[in-house]
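# Commentary on secondary and tertiary structure
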There are 2 protein chains.
Amino acid sequence: MLEHFHEISSETPVDKIIRQIRDLITSSQLNSGDRLPPERKLADRLGVSRTHVRGAIRKLEFYGILKTVPQSGTLVSGIGITALEGLITDVIKLEKSDFTSLVETRVILETHGAKLAAQRRTPEDIAEIKKALVAYEQQVIKGNSAVEEDLMFHLKIAEASKNTVLKSLMLIITPDIINNFIQFKVCDDQTNKEVFKDHQAILQCIIEGDGAGASKVMEEHLKDVVDFSQSVIALIT
Amino acid sequence: MLEHFHEISSETPVDKIIRQIRDLITSSQLNSGDRLPPERKLADRLGVSRTHVRGAIRKLEFYGILKTVPQSGTLVSGIGITALEGLITDVIKLEKSDFTSLVETRVILETHGAKLAAQRRTPEDIAEIKKALVAYEQQVIKGNSAVEEDLMFHLKIAEASKNTVLKSLMLIITPDIINNFIQFKVCDDQTNKEVFKDHQAILQCIIEGDGAGASKVMEEHLKDVVDFSQSVIALIT
DNA sequence: TTCAATAAATTGGTTAACCAAAATTATGGA
DNA sequence: TCCATAATTTTGGTTAACCAATTTATTGAA
């Protein structure tokens, strides 16, 4: 019975257009470096409204694939067609991501972030991280979940790393991390106290400028989360 | 004379609105979990058109900060206000990034990507990577720059890592990397041949399942780019 | 024939009106 | 008084028309 149902087409008009723009590129009707057809023509040809075309352009622009010049036209980025094809295919399905990959990537970013933070932190950075730690402690004392305060501590470390790209990537995956935290209820009272101790240890390493130590403690700190993700996967499988 | 000129206000209406929405949150007129005022009210209150409000919402939605439900309303994500404040401030200035951070982060992502690829690659992955390598070789023989083919090789490795998030983050920074490549003309004939040998060595490690080796060779491979970035910085400073 | 001035067409940016689904309120029968 | 139902309002989604800057075509005098 159930197998007769089809997956509902949740693909938005915008995604459809992105797909079609890719086809234009694939069929060499649209080459790297030259101009996209005007929005009106595109809308007309694809049989959709201009609003949706604009939406698609905004999204591709966000990824650096397109570049629009007011009152002039939309240019296909200098990036080569070969790479473009691969890129656009993924932009569409980029939004959703699996838990394991998320955690794995987080560990990678955070261990390096902690290391760099220890090497480059200023007194101001230390003050900010301390502030975040105190805010977390207060929430834990009140018995609250404090997921945001937890993450804020980590974000402040990313900020102290002085690597803007690393911080940006952290910001991008942060909402997903929080959602997973809430969904799987990773945190309870006991965990929170351990987390606090871990955080203290990490901060200490950063203050001392001990990059290797900060990286190591951070990795151990996140190991619990990794283990948890493994157990969840095992449960599902 | 020159100091009398002001920096032109290149802040788009959308960015202005994002800033104002943050203010709404900061002043606790808008709390985590509850609904954003309807688009019309917001547009009215901020004195802008609904289109711009929608643009701002799309952008914040992209970052997981907002979530719109058709015919119902736009919800502020479960993420706490504390973190939200920090996040939104950065969303605005997220787009631009510095070269050093970019390269540094790339090395981090790629070394881990290569390691995971060596551990998890399927025969299909190897075939894909080989194909990218051949495409690169052909461009080099022709004497072309082959920046895209180079990047494509790296993207295929990211794909073989089976870590969707890592690959996504690679995709996000790829356009910036390409732009910097073109801007600084990192590549010439001699470099290209060395790059090809490096790529071959990396592929060999991946085929053999040698994670540590793949990671190491990848790091050395990217070291040249790192050095180059350092020299550029030194030149500017 | 050449080229500057001007008019027309084209561009992305913006606005306001309309649509259908959902939430809310009003209504009336039990 | 209560609750199911219908009318109304409110919501985000969509469309089409308008705007100003730019580019292209036209025109006419040198």
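How each quantity is defined
Residues numbered from 1 in each chain as written. Chains lettered and ligands numbered in written order. Predicted model: local features only at pLDDT ≥ 70, side-chain atom pairs only at ≥ 80, totals over all residues. Heavy atoms only, no water. Helix = DSSP H or I, 4+ residues; strand = E, 2+ residues; numbered from the N terminus. Buried < 20%, exposed > 50% of the residue type's maximum accessible area, 1.4 Å probe, protein only. Contact = heavy atoms within 4.5 Å. Axes fitted to C-alpha atoms, helices over the stretch in contact; angles between N-to-C directions. Parallel < 35°, antiparallel > 145°, perpendicular 65-115°, else oblique. Nonpolar A, V, L, I, M, F, W, Y, C, P; charged D, E, K, R; others polar. Salt bridge = Lys/Arg side-chain N within 4 Å of Asp/Glu carboxyl O. Left-handed = near helix turned anticlockwise from the far one by under 90°. Near = heavy atom within 4 Å. Polar contact = N/O pair within 3.5 Å; in protein donor to acceptor, adjacent residues only side chain to side chain. Pairing = 2+ DSSP bridges. Arc of directions from axis to C-beta. Core = buried A, V, L, I, M, F, W, Y, C linked by side-chain atoms within 4.5 Å. pLDDT = per-residue confidence, 0-100.

A tally of helices and strands in chain A yields 10 helices and two strands. Taken from N to C terminus, the helices and strands of chain A fall in the order α-α-α-β-β-α-α-α-α-α-α-α. With 237 residues in all, chain A has 46% of them scored as buried. Here the contacts in chain A between residues at least 6 apart in sequence split such that 69% fall between residues at least 24 apart.

All names here are of chain B. Across the interface, helix α6 (residues 123-142) lies against helix α7 (residues 147-160) with an axial gap of 8 Å and an inter-helix angle of 175°. Put simply, α6 runs roughly antiparallel to α7. When α6 is examined against α7, the residues Asp125, Glu128, Ile129, Ala132, Leu133, Ala135, Tyr136 and Gln139 are found in contact with a partner set consisting of Glu149, Asp150, Met152, Phe153, Lys156, Ile157 and Ala160. The class makeup of the residues in the contact of α6 with α7 is nine nonpolar, one polar and five charged.

Turning next to the pattern of salt bridges. Residues and elements named next belong to chain B. What the rule picks out here adds up to 22 salt bridges over all chains. Here Arg54 makes a salt bridge to Glu39, at a shortest N to O gap of 3.1 Å. One end of the pair, Arg54, is in helix α3 (residues 50-62); the other, Glu39, is in helix α2 (residues 39-46), with 15 residues separating them in the sequence. Under the relative-accessibility criterion, Arg54 is labelled partly exposed at 34%.

So, on to the packing of helix α5 (residues 99-120) of chain A against helix α5 (residues 99-120) of chain B. Interhelical geometry of α5(A) versus α5(B) gives an angle of 145° and a closest axis separation of 11 Å. Like other packed secondary-structure pairs, α5(A) and α5(B) cross with a definite hand, here right-handed. Contacts between α5(A) and α5(B) involve Glu104(A), Ile108(A), Leu109(A), His112(A), Leu116(A) and Arg120(A) from the former and Glu104(B), Ile108(B), Leu109(B), His112(B), Leu116(B) and Arg120(B) from the latter. For the contact of α5(A) with α5(B), a count of residues per class yields six nonpolar, two polar and four charged.

Before going further, it helps to spend a moment on the protein's contact with DNA strand C. Pro38(A), Arg40(A), Arg50(A), Arg54(A) and Thr51(B) are the nearest of the 19 residues found near DNA strand C. Put simply, 53% of the atoms of DNA strand C that lie within 4 Å of the protein are in sugar or phosphate. Contacts to DNA strand C include Ser49(B), whose side-chain N or O atom sits 2.7 Å from a phosphate oxygen. At the level of elements, α2 (39-46), α3 (50-62) and β2 (73-76) of chain A together with α3 of chain B are the ones that each hand at least two residues to the surface near DNA strand C.

What follows covers the protein's contact with DNA strand D. The environment of DNA strand D is formed by 19 residues, the closest being Ser49(A), Thr51(A), Arg40(B), Arg50(B) and Arg54(B). Contact distances for DNA strand D include 2.7 Å between a phosphate oxygen and a side-chain N or O atom of Ser49(A). Among the residues forming the surface near DNA strand D, the class breakdown is four nonpolar, eight polar and seven charged.

Position of Ser215(B) relative to the elements: it lies in helix α10 (residues 211-236). Apart from residues lying up to four places away in sequence, Ser215(B) is in contact with Thr111(B), Ala114(B) and Lys115(B).

Attention now goes to the pairing of strand β1 (residues 66-69) of chain B. Residues and elements named next belong to chain B. Of the pairings in the sheet, the one linking β1 to strand β2 (residues 73-76) comprises four bridges and is antiparallel in character. Bridged to Thr68 within β2 is Thr74. Here β1 folds back onto β2 in antiparallel fashion, the turn holding three residues, of which Gln71 has a positive phi close to 55°.

Let us look at α2(B). All names here are of chain B. Considered for burial, the residues of α2 that qualify are Glu39, Leu42, Ala43 and Leu46. Down the axis of α2, the sector holding all buried residues measures 100°, keeping them to one side. Among the exposed residues of α2, those oriented more than 90 degrees off its buried face are Arg40, Lys41, Asp44 and Arg45. Where α2 is buried, its residues meet α1 (13-26) and α3.

Here we come to the nonpolar core. Nonpolar side chains tend to gather and get buried jointly when the protein is soluble and globular. By size, the foremost hydrophobic cluster in this structure holds 32 residues, and its most contacted members are Leu109(A), Leu169(A), Ile173(A), Leu109(B), Leu169(B) and Ile173(B). Counting residues per element, the ones that place at least two in this core are α5, α7 (147-160) and α8 (164-184) of chain A together with α5, α7 and α8 (164-184) of chain B. Residues within four places of Ile173(A) in sequence aside, it is in contact with Leu102(A), Arg106(A), Leu109(A), Val165(B) and Leu169(B). Counting residues in hydrophobic clusters, the runner-up holds 25 residues, among them Val107(A), Ala117(A), Leu133(A) and Tyr136(A).

Located in the positive-phi region is Lys162(A), a residue other than glycine, with phi close to 65°. Positionally, Lys162(A) belongs in the loop between α7 and α8. The residue Gln71(B) is not glycine, and still its phi comes out positive at about 55°. In this fold, Gln71(B) is placed in the loop between β1 and β2. By relative accessible area, Gln71(B) is classed as exposed at 82%.

Before going further, it helps to examine the confidence of the model for chain A. Residues with a pLDDT of 70 or more make up 78% of chain A, whose mean pLDDT is 81. Mean pLDDT values over the elements of chain A span from 57, in helix α4 (residues 81-92) of chain A, up to 94, in α5(A).

Here the focus is the side chain of His221(B). Residue and element names in this part refer to chain B. Locating His221 in the fold gives a position in helix α10. A polar side-chain atom of His221 sits 3.3 Å from a polar atom in the side chain of His199. If we ignore the near neighbours within four places in the chain, the residues touching His221 are His154, Val195, Asp198, His199 and Ile202.

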